[in-house]
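Spelled out, the chains give:
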Amino acid sequence: MDNERKIIVKSYVKRYLLITLGCILYPVGVIIFLQAGGLATGGATGISLIINEVTGVPTGILSFIINAPLVLWGWKVFGREFFFSTLYVIGLSAVLMWLADYIFFDWLPASYGLNLLPLTQNRLINAVTGGAIFGFGMGLIFRCGSSSGGTDIPVKILKKKFRHLSTGTITMVTDIIIVACSVFAYDDKLEVLFYTVLSVVVFTLVFDWVLYGGNSAKMVFIISEEEPAARICGRVLKELDAGATYIDAKGAYTGEDKKVLLCVVKPTIYPRLRDIVREEDKKAFMIVSSAKEIYGEGYLPPDSAEI
């Protein structure tokens, strides 16, 4: 029982350490690159940045106000654990955004005359770097089964309904709608709109990579004769430490019995698998495709939540 409890505690601590790292990266991307570069973004954060541009109210405070009612909706739909982890994300990220806003925009310039932001006047760098850091942080938060509140909660609800769409794709659509509103808040409307859309696209790519990249693999069907198939399987099990499944088959044209070997391997291992097949049976027929979500030993637990 003690060992089981230690495993649970270790998993819990690891999860919240990753969430905390995501919360740190989140304001770095938003405040230090996007806001400082005069750009908006999507989601509740984008709404906060737009209102900040018009009113001057700190982004962190606005983010918390917008998120509060939405996280209650999340509690009703996703349960208590989601509510508390999301509340932790909202609280910590709002405080960190407020601190970054205060230190870099108010305290340092007023007290020491140091205007450190923006780090660069190049909006392209701000859009790409800010979107990438923001996306990486949000990807970690989502991967741990939490969210930053705001439009993330409607996105997760839509994901449950439209399961064939990736979370990043749904996020991008909602974000572009919000980003379109930024033309009313910024002076250089078309330029800001262009670079903000670019930051959203970068955010989506990085977000999806963090969320799904660790679970992706190559799914390989190897069609061969029984004897070479046995040799290939033996080497796959021994040299690659990967699993394999035999499927009995019959050639439609020749009528000969065949063996189909089904393997799922990490992209880094796939080139070695291809070499093994070539070495053992040059006539083998291979079908290779990408698999984004894999459940089972070595990958996601079978009962893990859909992301």
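Residues numbered from 1 in each chain as written. Predicted model: local features only at pLDDT ≥ 70, side-chain atom pairs only at ≥ 80, totals over all residues. Heavy atoms only, no water.

A.B. asks: Could you give an account of the packing of aromatic side chains, with specific residues and numbers?
C.D. replies: One pass over the structure, following the stated rule, counts ten aromatic pairs. Ring centres of F142 and F207 lie 5.1 Å apart, and the angle between their planes is 80°; on these two criteria the pair is classed as edge-to-face. With F142 in helix α5 (residues 123–143) and F207 in helix α8 (residues 189–212), the pair connects residues that are 65 residues apart, well separated along the chain. The exposure class of F142 is buried, given its relative accessible area of 3%. Residue F207 is classed as buried on the basis of its relative accessible area, which comes to 1%. Where F203 meets F207, the ring centres are 5.5 Å apart and the plane angle is 15°; that geometry is what we call stacked. Remark: F207 and F203 occur in helix α8; sequence separation between them is four residues, near one turn of the helix. Across the pair, F207 and F203 agree in class, each one buried. In this structure an aromatic cluster arises from ring pairing among Y26, F134, F142, F203 and F207. (Phe/Tyr/Trp six-rings, centres within 6.5 Å; stacked < 30°, edge-to-face > 60°. Helix = DSSP H or I, 4+ residues; strand = E, 2+ residues; numbered from the N terminus. Buried < 20%, exposed > 50% of the residue type's maximum accessible area, 1.4 Å probe, protein only.)

A.B. asks: Outline the pattern of salt bridges, listing residues and values.
C.D. replies: Across all of its chains, the model carries eleven salt bridges by this definition. The salt bridge involving E239 is made with R235; its shortest N-O contact spans 2.9 Å. Placement of the pair is E239 and R235 together in helix α9 (residues 226–239), with a separation of four residues, close to one helical turn. Here E239 falls in the partly exposed class, since its relative accessible area comes to 40%. Across the pair D248 and K259 runs a salt bridge, and its minimum N-O distance is 2.6 Å. You can see D248 sitting in strand β2 (residues 245–250) and its partner K259 sitting in strand β3 (residues 257–265), a full eleven residues away along the chain. Its relative accessible area of 17% is what places K259 among the buried residues. (Salt bridge = Lys/Arg side-chain N within 4 Å of Asp/Glu carboxyl O.)

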